[in-house]
Amino acid sequence: MPRGNFGEVRAFNDFLGSFEDVTISANVDTDLNGGWAAVSVNEGSINKVLDEEGGIIHFATDTGDNDNIALFSGPYKPSNGGVVMEARFKVADDLVVGIFAGFTETLDKDTPVMPAEYATATMTINGSGGVAGLQYDNDGTTDFFRAASGDGGAVTGTNKDGTALTATTLTTSNQVVTADKFVVVRVEISPNGRIDTYLSADKELTLVDSITGAITASDMFQAVLMLENRQGAAKEFEVDYVYARGFRDWTA
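Residues numbered from 1 in each chain as written. Predicted model: local features only at pLDDT ≥ 70, side-chain atom pairs only at ≥ 80, totals over all residues. Heavy atoms only, no water.

A.B. asks: I keep staring at the overall build of the protein chain and nothing clicks. Help me out?
C.D. replies: Of the regular secondary structure elements, the protein chain holds zero helices and 19 strands. Over its C-alpha atoms the protein chain spans a radius of gyration of 17 Å, differing by no more than 12% from the 18 Å that the globule rule assigns to 252 residues. The principal-axis extents of the C-alpha atoms in the protein chain amount to approximately 45 × 45 × 35 Å. Across the 252 residues that make up the protein chain, the buried fraction comes to 51%. A separation of at least 24 residues holds for 68% of the contacts in the protein chain among residues at least 6 apart in sequence. Accessible surface, the protein chain: about 10,300 Å² in total, of which carbon and sulfur atoms supply 46%. (Helix = DSSP H or I, 4+ residues; strand = E, 2+ residues; numbered from the N terminus. Rg over C-alpha atoms; globule rule 2.2 N^0.38 Å. Buried < 20%, exposed > 50% of the residue type's maximum accessible area, 1.4 Å probe, protein only. Contact = heavy atoms within 4.5 Å. Areas by Shrake-Rupley, 256 points an atom, 1.4 Å probe, with all protein chains shown as cover.)

Next up, the structure:
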């Protein structure tokens, strides 16, 4: 039985408030309000965007190869009633980057590491915990978002067609991603651990894959939106909104 009136755990930021132009100190959490924070490898920066409507915030990575910016919220437990994260964002300059949007059990708040990376034709799951989301990587032979699911440092799960997923057997969205054009990613994990990933890049929000058997739904996850350099140059990352939702365990 509920023991209060607020069973939903919700984090949302539309970046409509006042944000100063600041430097993100390396390996130090920066509060973004609304239940979200940011951390970076090496120094990044935050700047308010004033020439676009709706509340846009601009992040820039540092200039080293593999420097990154991670927005995160949590922790959330899918088995409590399911979890959702959704974000609308764009890369302002070019797409020589890696992007991850979704949930990860392992997130180093001092030196954040991409939960999933894709090079040539192989997906790598980083960390020892569960991963569920969409991943884009300029290091891949083809530049599309792909469903990323894994646990224990390996790709895991079965896709919507009943095929067992491996590091080279993945579901790719063929929607074209364009620099300086907004993308929407939505990732849902059901209470039994099914992962549904959705993308809107060159059309409406569309299911990329529905994956079962990949993660443990009773584990604790962080919602994450992350961009990482794929060359030695600062990358500009503009975020319209970030959202995450889960539920409380009233028995705890």
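A.B. asks: Would you take a moment to explain the pairing of strand β7 (residues 68–76) for this structure?
C.D. replies: Remember that side chains alternate between the two faces of the sheet whenever the strand is regular. In terms of burial, β7 is largely enclosed, as seven of its nine residues are buried. Two strands pair when backbone bridges link them, and strand β4 (residues 36–41) and β7 are joined in this way by five bridges, in the antiparallel orientation. By the bridge assignment for β7, Val39 is matched with Ala70. Pairing between β7 and strand β18 (residues 221–229): seven bridges, direction antiparallel. When the sheet's bridge partners are listed, Ala70 is paired in β18 with Met226. (Pairing = 2+ DSSP bridges.)

A.B. asks: Just to check I follow, could you spell out the packing of aromatic side chains for this structure?
C.D. replies: Both the distance between ring centres and the angle between the ring planes are used here to describe each pair of aromatic rings. One pass over the structure, following the stated rule, counts four aromatic pairs. Ring centres 6.2 Å apart and planes at 40 degrees place the aromatic pair Phe12 and Tyr241 in the tilted group. Pair noted here: Phe12 is in strand β1 (residues 8–13) and Tyr241 is in strand β19 (residues 236–247), with a separation of 229 residues, a long-range link. According to the relative accessible area criterion, Phe12 is partly exposed, its value standing at 32%. A ring pair is formed by Phe12 and Tyr243, whose centres lie 6.3 Å apart and whose planes are at 65 degrees; its orientation type is edge-to-face. Residue Phe12 is found in strand β1, and its partner Tyr243 is found in strand β19; the two are separated by 231 residues along the sequence. The ring of Tyr118 carries Arg146 above its face, with NZ or CZ at 3.9 Å from the centroid. (Phe/Tyr/Trp six-rings, centres within 6.5 Å; stacked < 30°, edge-to-face > 60°. Lys NZ or Arg CZ within 6 Å of the ring centre and 35° of its normal.)

A.B. asks: Would you take a moment to explain unusual backbone geometry for this structure?
C.D. replies: Of all residues except glycine, most have a negative phi; of all peptide bonds, most are trans. The step from Gly74 to Pro75 runs through a cis peptide bond, and the omega angle for that step is 10 degrees. Following the sequence through the fold, Pro75 ends up in strand β7. The backbone of Asn66 shows a phi angle near 70 degrees, a positive value even though the residue is not glycine. By secondary structure assignment, the location of Asn66 is in the loop between β6 (56–60) and β7. By relative accessible area, Asn66 is classed as partly exposed at 38%. Backbone geometry at Thr120 places phi at a positive 60 degrees, although glycine is not the residue there. Positionally, Thr120 belongs in the loop between β10 (116–119) and β11 (122–125).

A.B. asks: Help me understand the nonpolar core, please; the structure alone is not making it clear to me.
C.D. replies: Across soluble globular proteins, nonpolar side chains show a tendency to be buried alongside one another. The biggest cluster of nonpolar side chains holds 64 residues, and the ones touching the most others in it are Phe59, Leu71, Phe89, Phe145 and Val239. With six residues, the top contributor of residues to this core is β18. Once residues lying within four places of it in the same chain are set aside, the contact partners of Val239 are Phe15, Gly55, Ile56, Ile57, Phe59, Leu71, Arg88, Phe89 and Leu225. (Core = buried A, V, L, I, M, F, W, Y, C linked by side-chain atoms within 4.5 Å.)

A.B. asks: Looking at this structure, I do not really get the sheet that holds strand β12 (residues 131–137). What am I missing?
C.D. replies: On the basis of which strands lie adjacent, the open sheet formed by eight strands has the order β3-β4-β7-β18-β9-β12-β13-β14 and antiparallel pairing. Bordering the open sheet on either side are β3 (30–33) and β14 (154–155), each of which pairs with just one other strand. Where strand β13 (residues 145–151) and β14 come together, two bridges link them in antiparallel fashion. If you follow Gly150 over to β14, its bridge partner there is Val155.

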